[in-house]
Amino acid sequence: MYRVMIVDDEFYIRKSFCNRIDWKAYGMEVAGEAANGQEAYQLVPLLKPDLMFVDIRMPVLDGFDLTSLLAEEYPDIVIIIISAYNDFQYARKAIETGVFDYLLKPLEEEEVDRTLRRLLSRLEEEEREQQVLDLHDFQNGYLESQEFACFSVYERSGQWSGSQNQKHMSRQLAALGEIARVIGHNMLFCQIFCVRKEKLDMVSLAKAIRLLTNNLWADYEITVGISDVYRGSKETDKDEFLHCVAEAVSASKEKLFDASKRVFCWSDRKASSYDISPYNTPKLNMVYSALSKKDYKMAGQGLISYLNDFDWKKLQDAITIEMIVGTVIECLFRAGWDTGMISEVQLYTNDFRRENFVLMFHEAQEIRERLCSLIEVLMGEMSSKDVSDLAQRITFYIQKNYAGNLQMEELERQFFMSSSSLFLAFKKKKNMTITAYVEAVRMEKAKELLKSGLCNVQDTAEAVGYLDANYFCKAFKRYTGSTPSKFRMGE
């Protein structure tokens with residue numbers, strides 16, 4: 001199913017559009033809505049839409065600015081502009097931004113039908129051009145009498161599109177064999193590809209992929225893991241192929257132990273030189289004892305001591321690290337259930353409970369540091385019975401630090417959580433995005449300063465966290481409908 005997103009500042013238009021169209025008839029589903037361009041931009045990495053209907057005139061971030069951002073960062077998303085303004089200039093500008101079509105309000109079902117059918121034809125043609133190997137169908141003899149290997153591609157920002165770049169990869173690897181994107185693998189963070197040929201040379205494959213990382217992928221923070229080479233037969237089944245996929249993903253996790261490399265081969269893995277068992281250590285026994293006594297401060301100290309017992313610089317096995325992390329998470333969940341803070345534990349540990357979470361980190365010590373910080377926060381709250389709402393804590397922090405750095409990266413460091421977890425927690429409780437709330441707090445403070453007459457526009461901008469006065473002026477006018485100078489003069 002293709003995922004659709006509706007972006008319009010008028011609530012009833014969004015709901016009407018969602019309900020009037022029989023999306024299933026086009027193989028589509030509405031994945032979500034947004035009331036302005038900024039909210040839509042923040043939701044895109046979470047909702048992962050294939051198609052977006054975008055209104056032109058919206059507050060905060062208009063449709064044209066949004067489509068420009070999407071064209072640069074998410075070029076695979078198809079954009080259809082909707083607007084009540086029957087003006088050639090708007091249509092021409094929409095075409096220049098690379099949108100698929102331009103529809104006028106009120107939307108006519110026949111016009112929408114023609115546009116969607118034309119879009120489906122284009123999408124189906126593109127899919128035919130991209131060869132896909134579905135793990136759920138091994139009856140077509142795709143791998144019979146062929147040697148094959150898988151490679152996984154992890155890109156830190158999540159903006160790299162494997163489907164978009166497959167044509168480039170196919171050309172780069174053409175001499176090695178036939179390449180197919182693998183679907184149905186459910187591997188979080190990774191995109192999996194398969195290369196097959198009657199005789200496949202691992203050395204040549206690794207060399208070609210290294211060239212890709214240095215050329216086609218030079219601007220991306222990409223890590224690639226390559227499996228061993230296997231020989232396909234009539235008996236090759238899903239489980240065997242999944243083993244090949246798992247090797248590729250496991251190889252990519254070796255980046256934790258060698259930050260100087262970007263391509264890792266399963267065949268080059270060394271046996272773990274630091275054989276430890278993360279279970280039943282004296283420190284863990286102390287943690288379990290403290291949990292049974294409801295002594296969460298002691299339990300937290302025990303967990304941190306447990307983590308620090310391992311020499312993380314010598315750990316050379318991602319599986320061992322995953323076992324250690326799993327043990328800590330299990331203890332935190334036990335404490336969460338006992339204290340009624342299970343929701344907080346779920347939010348704080350969300351990243352560590354994802355499959356292949358180790359790929360998000362540069363080195364093993366970073367995992368330990370992040371876990372220790374997380375334990376201090378959670379166990380500190382449990383021991384003091386502070387079960388205050390996460391969204392409320394974010395609110396207080398923004399109100400106190402509105403003049404400082406409130407970028408999502410800084411909030412991640414302050415709350416020891418991913419931006420997506422923070423975003424969802426705040427949006428669910430406050431019914432607005434963190435970015436919108438930051439702007440509202442800053443603008444209300446700016447209005448107070450301007451009304452006082454004690455600050456000029458430049459000083460006001462700096463006082464509320466804007467280093468660029470011109471940007472502040474634009475944001476202020478967008479928020480209030482007046483320029484800072486006119487507002488200061490009482491106009």
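Above this text is the structure in question.
Because the structure is a prediction, the values reported are computed rather than measured.

### Concerning the nonpolar core
Here comes step 1: In terms of nonpolar packing, the biggest core is built from 88 residues, with Ile321, Leu332, Ile367 and Met379 touching the most fellow members.
Here comes step 2: Contacts of Met379, omitting those with residues within four sequence positions, involve Leu291, Tyr296, Ala299, Gly300, Leu303, Leu332 and Ala335.

### Quick look at the pairing of strand 1 (residues 2-7)
Here comes step 1: Burial of strand 1 is extensive: five of the six residues sit out of reach of the surface.
Here comes step 2: Where strand 1 and strand 2 (residues 28-34) come together, six bridges link them in parallel fashion. If you follow Ile6 over to strand 2, its bridge partner there is Glu33.
Here comes step 3: Considered for its hand, the β-α-β crossover made up of strand 1, helix 1 (residues 11-20) and strand 2 is right-handed.
Here comes step 4: Two elements, strand 1 and strand 3 (residues 51-55), share four bridges in a ladder whose sense is parallel. Looking at the pairing, Val7 lines up with Val54 of strand 3.

### With respect to the packing of aromatic side chains
Here comes step 1: If you walk through the whole model with that rule in mind, you get 15 aromatic pairs.
Here comes step 2: With centroids separated by 5.4 Å and ring planes inclined at 20°, the aromatic side chains of Phe151 and Phe193 adopt a geometry described as stacked. With Phe151 in strand 7 (residues 147-155) and Phe193 in strand 9 (residues 190-197), the pair connects residues that are 42 residues apart, well separated along the chain. Phe193 carries the same exposure label as Phe151, and that label is buried.
Here comes step 3: Arranged with centres 5.2 Å apart and planes meeting at 80°, the rings of Tyr306 and Phe310 form a pair that is edge-to-face.

### Describing the sheet that holds strand 3
Here comes step 1: Judged by pairing direction, the sheet is parallel, and its five strands sit side by side in the order 2-1-3-4-5 without closing on themselves. Both edges of this open sheet fall to strand 2 and strand 5 (101-104), since each of them pairs with a single strand only. Recorded for the sheet is a direction-independent mean angle of 25° between the axes of neighbouring strands.
Here comes step 2: Along the sheet, helix 1 contacts strand 1, strand 2 and strand 3; its crossing angle with strand 2, the most-contacted strand, is approximately 175°.
Here comes step 3: In the packing of helix 3 (residues 63-73) onto the sheet, contacts are made with strand 1, strand 3 and strand 4 (78-83), and the angle to strand 3 comes to roughly 150°.

### Some points on the pattern of salt bridges
Here comes step 1: Across all of its chains, the model carries 18 salt bridges by this definition.
Here comes step 2: Put simply, Lys253 and Glu322 hold a salt bridge, and the shortest N to O gap is 2.7 Å. Separated by 69 residues along the polypeptide, Lys253 in the loop between helix 8 (238-252) and strand 12 (263-265) and Glu322 in helix 11 (residues 318-339) bring together distant segments of the chain.
Here comes step 3: The buried category is assigned to Lys253, whose relative accessible area is 8%.
Here comes step 4: A residue is classified by how much of its surface remains accessible, and Glu322, at 24% relative accessible area, is partly exposed.
Here comes step 5: The shortest N-O distance in the salt bridge between Asp309 and Lys283 comes to 3.2 Å. Of this pair, Asp309 sits in the loop between helix 10 (296-308) and helix 11 while Lys283 sits in helix 9 (residues 282-292), and the two are 26 residues apart along the sequence.
Here comes step 6: The exposure class of Lys283 is partly exposed, given its relative accessible area of 24%.

### With respect to the environment of Leu315
Here comes step 1: Looking at the element boundaries, Leu315 is found in the loop between helix 10 and helix 11.
Here comes step 2: In this structure the C-alpha to C-alpha distance between Leu315 and Ala364, which are 49 residues apart in sequence, comes to 7.7 Å.

### Looking at helix 19 (residues 469-480)
Here comes step 1: Compared with an ideal rise of 1.5 Å per residue, which puts twelve residues at 16 Å, helix 19 spans 16 Å between its outermost C-alpha atoms and is within 8% of the ideal.
Here comes step 2: Among the residues making up helix 19, those that are buried are Ala469, Phe472, Ala475 and Phe476. Axial view of helix 19: buried residues confined to an arc of 120°, hence all on one face. Seen from the buried face of helix 19, the exposed residues on the opposite side, beyond 90 degrees, are Asn470 and Lys474.
Here comes step 3: Residues of helix 19 that are buried sit in contact with helix 17 (434-452), helix 18 (457-463) and helix 20 (484-488).
Here comes step 4: Where helix 19 starts, the residue carrying a side-chain oxygen 2.9 Å from the main-chain nitrogen of Asn470 turns out to be Asp468.
Here comes step 5: Positioned one or two residues after helix 19, Gly481 has a phi angle of 85°, which is positive.

Thresholds applied
Residues numbered from 1 in each chain as written. Predicted model: local features only at pLDDT ≥ 70, side-chain atom pairs only at ≥ 80, totals over all residues. Heavy atoms only, no water. Core = buried A, V, L, I, M, F, W, Y, C linked by side-chain atoms within 4.5 Å. Buried < 20%, exposed > 50% of the residue type's maximum accessible area, 1.4 Å probe, protein only. Contact = heavy atoms within 4.5 Å. Helix = DSSP H or I, 4+ residues; strand = E, 2+ residues; numbered from the N terminus. Pairing = 2+ DSSP bridges. Right-handed = clockwise from strand over helix to strand, strands pointing away. Phe/Tyr/Trp six-rings, centres within 6.5 Å; stacked < 30°, edge-to-face > 60°. Axes fitted to C-alpha atoms, helices over the stretch in contact; angles between N-to-C directions. Salt bridge = Lys/Arg side-chain N within 4 Å of Asp/Glu carboxyl O. Expected span 1.5 Å × (residues − 1). Arc of directions from axis to C-beta. Polar contact = N/O pair within 3.5 Å; in protein donor to acceptor, adjacent residues only side chain to side chain.

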